[in-house]
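Analysis of the macromolecular model
Here is what each chain is made of, one letter per residue.
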Amino acid sequence: MAPGAAGHRSDAGRPAETADSLSLAFLVLLESLSPRQRAAFLLREVFDYPYPQIAEILGTNVDGTRHLVARARNHLCERRPRYHASRRQREQLAKRFVAAAQSGDLGALEALLAQDVALHGDGGGKVPALGRMVSGRERVARTVLRGFSVYAHHGVHVRLTDVNGQPGALASDERHRLVGVMGFDIAEGRIHSIHSVNNPDKLHHLGQVSDLGLDVRASGHRADGNS
């Protein structure tokens, strides 16, 4: 999902910085910006366009472009968690999350989630998925357990993987075809948001997609446990 950069900076830390900026959670956070702020921020901070070129694209002047980028940056900094876990800590937390979800341990799962954690689902209207965002530690934990229970019932295997440079999980059926991808936004020792993508149209570029979701939908099951 992360696009290639068209920039000019050569510092060694740029790839890691870009991967973090394009995480699933951060892409959702970008939606809180105005269209012009979002465009200016991405062109400058991700693709490293010079301010005059951004101004030309947006139909504004250089000073106006600088203000757009600055306001976008300040807005995002205010909304992102201040303390970010190390890569190793994030991987370990993701591993514990999958283990707790697979074992059905509600208490262990809740302990890994932030109090205001949010769960986002995307089935594209084609496979079972959340009808709307679920928020709150207990509700998210119970929803995740129901989803993993459905996975187990249908023989779906879940393994850890990288999702846009961040720890995540990949679910596949018994024939190793892709069922879904889950990405985590981890900070301050807790999972702050979970993004689950089961939409076949958004999975095809990752490999062969399972038709299990279509079968589950036909049987009347939903990811939220309702039928």
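Placed above this text is the structure.
Quick look at the structure, then.

Cut-off values and rules
- For every chain, the first residue of its written sequence is number 1, and the numbers climb from 1 along that sequence.
- Totals for whole chains, interfaces and linings use all residues, but because this is a predicted model, local features are given only for residues with pLDDT of at least 70 and pairs of side-chain atoms are given and counted only at 80 or more.
- Note that the side-chain values use all heavy atoms of the structure and ignore hydrogens as well as water.
- Strands were regarded as paired on the criterion that DSSP finds at least two bridges between them.
- Helix numbers and strand numbers start at the N terminus; a helix is a DSSP run of H or I with at least 4 residues, a strand a run of E with at least 2.
- Whether two residues touch is decided by their heavy atoms; if any such pair falls within 4.5 Å, the residues are in contact.
- Between the N-to-C directions of two axes lies an angle of 0 to 180 degrees, each axis being a line fitted to C-alpha atoms and, for a helix, fitted only over the stretch in contact.
- Each residue after the first adds 1.5 Å to the expected span of a helix.
- Summary of the burial criterion: residues with accessible area below 20% of their type's maximum are buried, those above 50% are exposed, and those between are partly exposed, where the area comes from a 1.4 Å probe applied to protein chains only.
- This arc is built from the directions going out from the helix axis to the C-beta atoms.

1. Things to note about the sheet that holds strand E5 (residues 178-187)
Either a parallel or an antiparallel arrangement is found when strands of a sheet pair, and the pairing is made through backbone hydrogen bonds. Spatially, the six strands line up as an open sheet ordered E2-E1-E6-E5-E4-E3, and their pairing is mixed. Each having just a single partner strand, strand E2 (134-135) and strand E3 (157-163) make up the two edges of the open sheet. Taken strand by strand, helix H8 (residues 137-153) contacts strand E1 (113-122), E2, E3, strand E4 (166-172), E5 and strand E6 (190-197), and its axis lies near 45 degrees from that of E1.

2. Points about helix H6 (residues 87-103)
With 17 residues, H6 ought to run about 24 Å at 1.5 Å a step, and its terminal C-alpha atoms sit 24 Å apart, in line with that. What H6 keeps buried is the set Arg-90, Leu-93, Ala-94, Phe-97, Val-98, Ala-100 and Ala-101. Buried residues along H6 cover an arc of 165 degrees about the axis, so they all sit on one side. Turned more than 90 degrees off the buried face of H6, the exposed positions are Arg-88 and Ser-103. Directly after H6, the chain includes Gly-104, whose backbone phi takes a positive value near 75 degrees.

These results come straight from atomic positions and should not be treated as a statement about function.
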